[in-house]
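# Overview (structure and organization)
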Amino acid sequence: MKFYTPEISWHERDPIYTCDFHPTIPNKVATAGVSGEIRLWQVLVKNVEQTNSKQKNSSGIEISFISNLKRHTKSVNVVKWNSDGSLLASAGDEQVIFLWNENDIKNQKTLDNEEYENKENWFAFKTFRGHLEDILDLAWSRDSTTLISGSIDNSVIVWNVSTGSKIAILKEPKGFVQGVVFDPLGATYSVLSTDRCMRVYSTTSNKCLHNVNRMQMPKDDDQSVNTRLFYDDTLKSFFRRMKYSSDGSLLFTPSGCLEIDEKYVNVSFIFTRNCYTKPCLYIPHDKPSTAVSVCPVKFELSAKKDNEELIFDLAYRYVFAIATEDSVFLYDTQRLTPFAFVADIHYSNLSDLSWSSDARFLIITSIDGFSTFLIFKENELGKAYVENVDTVETKAQFFTTR
């Protein structure tokens, strides 16, 4: 593993709030932030002959500008590709959601005197209006027919992407909605807000199925204590970015806080889709966690040690990254002890992170205006797991029946 912080002007050194790798083009990534502009970038892998360890950049990659997307007039807090990468959704402080589509015209010069010309040209072809305050997070359904948005107006809106109409407006949250995520299997979506609650909703009825905010923790003398699970609005972050595993079996949530032995412990949680009422385990951190990103590639299980039991009943393992205020920890679902971490790589707090679809790159953005890449060799994280046909057909049948 290598890490590389390109010394380039991502957004004129304004804070970067969000990033998202393209789901089908592994080396294409979108970033945005305070500047109000969305920029697309290409991660170029250099040949071994081109990489000299004595050079300033010996990471083996270069970052190339692709396009500048202009429509927002205020900060952009979130960008999200849909499942096939044909559409990009963005939202921010102006309470508006834009959907972007690529124009067939290439290498079109802009009207502004920009330093670089656009290699691709994207235009905002749809605008969704409905929130009264800043929008902090977005999430697509896997079939790209539905979009959900969370705002500091304490509401969640479920959108019909085709018509732009509101399917539902959810007002159960009593605090800023800082994280939303869609179940890959299409059955539920989850919402995390500053009222210390995670709410799980049905996609068919848009009714709240679970309100998760407390859990019984064991204590001495066979007693237990009822403790809250999540931070309130004292958490020093605008975002609580959740993530599902690609098969929908696990939900990873940041911003956890448990009272253990009369001390508060910063944690992240993992929930299983069979039990949203309480987490199946928690992962402690020195500082509060703000974002989780799960690698979309499934990996074969590592060789088991003697008498080692699997934590999850899965035929494969997921690699995931958790960002705290100043560090990123890498785990997998087989052992749940960090196998790598990076710390103090930026001058200000971290804001977002995203995996490339081939598991070669993890981008980490910061409000100091720079981004860092963790770079992995092919198969460095493990050998990709190949599902047999029976398993794939069973999951496909389950998805359609839901």
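Residues numbered from 1 in each chain as written. Predicted model: local features only at pLDDT ≥ 70, side-chain atom pairs only at ≥ 80, totals over all residues. Heavy atoms only, no water.

### Structural notes on the overall build of the protein chain
Looking only at helices and strands, the protein chain features one helix and 32 strands. What you see for the protein chain is a C-alpha radius of gyration of 21 Å, in line with the 21 Å of a compact globule of 402 residues. Once the C-alpha set of the protein chain is aligned to its principal axes, its extents read approximately 70 × 50 × 45 Å. The buried share among the 402 residues of the protein chain stands at 54%. (Helix = DSSP H or I, 4+ residues; strand = E, 2+ residues; numbered from the N terminus. Rg over C-alpha atoms; globule rule 2.2 N^0.38 Å. Buried < 20%, exposed > 50% of the residue type's maximum accessible area, 1.4 Å probe, protein only.)

### A look at empty space enclosed by the protein
Inspection of every chain in the model, using the stated rule, returns one cavity of 30 Å³ or more. Its volume calculated, the largest cavity comes out at about 40 Å³. Every residue along the wall of the largest cavity is listed here: Leu301, Leu310, Ile311, Phe312, Leu314, Tyr316, Thr333 and Gln334. Looking at side-chain class alone, the lining of the largest cavity contains six nonpolar, two polar and no charged residues. (1 Å grid on protein atoms, 1.4 Å probe; cavity = no way out; pocket = protein on both sides within 12 Å on 5 of 7 lines; lining within 4 Å. Points joined across faces, edges and corners; volume = space filled by probe spheres on them. Nonpolar A, V, L, I, M, F, W, Y, C, P; charged D, E, K, R; others polar.)

### Section: the nonpolar core
Counting residues in each nonpolar core, the largest one holds 21 residues, and the members touching the most others are Val328, Leu330, Leu353, Trp355, Leu362 and Ile364. Listing elements by their share of this core, those giving two or more residues are strand 27 (319-324), strand 28 (327-332), strand 29 (340-343), strand 30 (350-355) and strand 31 (361-366). Those residues within four positions of Ile364 in sequence are excluded, and the remaining contacts are Val328, Val342, Ile345, His346, Leu350, Asp352, Leu353, Phe370, Ser371, Thr372 and Leu374. By size, the runner-up hydrophobic cluster in this structure holds 17 residues, among which are Val181, Met215, Tyr244 and Leu258. (Core = buried A, V, L, I, M, F, W, Y, C linked by side-chain atoms within 4.5 Å. Contact = heavy atoms within 4.5 Å.)

### Some remarks on the side chain of Ser327
For Ser327, the location among the structural elements is in strand 28. If we skip the residues at most four places from it in the chain, Ser327 touches Ile322, Val342, Ala343 and Leu350.

### A closer look at the sheet that holds strand 29
Taken together, the four strands give an open sheet; going across it, the order is 24-27-28-29, and neighbouring strands pair in antiparallel fashion. One side of each edge strand has no neighbouring strand; the edge strands of this open sheet are strand 24 (289-294) and strand 29. In this sheet, neighbouring strand axes are inclined to one another by 15 degrees on average, regardless of whether the strands run parallel or antiparallel. Relative to strand 28, strand 27 is paired through five bridges, and the arrangement is antiparallel. Paired with Ala321 across the two strands is Leu330, which belongs to strand 28. (Pairing = 2+ DSSP bridges. Axes fitted to C-alpha atoms, helices over the stretch in contact; angles between N-to-C directions.)

### Here's the deal with the sheet that holds strand 5 (residues 61-70)
Spatially, the four strands line up as an open sheet ordered 2-3-4-5, and their pairing is antiparallel. Pairing within the sheet leaves two strands with one partner each, and these edge strands are strand 2 (16-21) and strand 5. Strand-to-strand twist of the sheet, defined as the mean angle between neighbouring strand axes without regard to direction, takes the value 25 degrees. Here strand 2 runs beside strand 3 (residues 28-33); their pairing, made up of five bridges, is antiparallel. The residue of strand 3 that forms the bridge with Ile16 is Gly33.

Shape descriptors only; they carry no functional weight alone.
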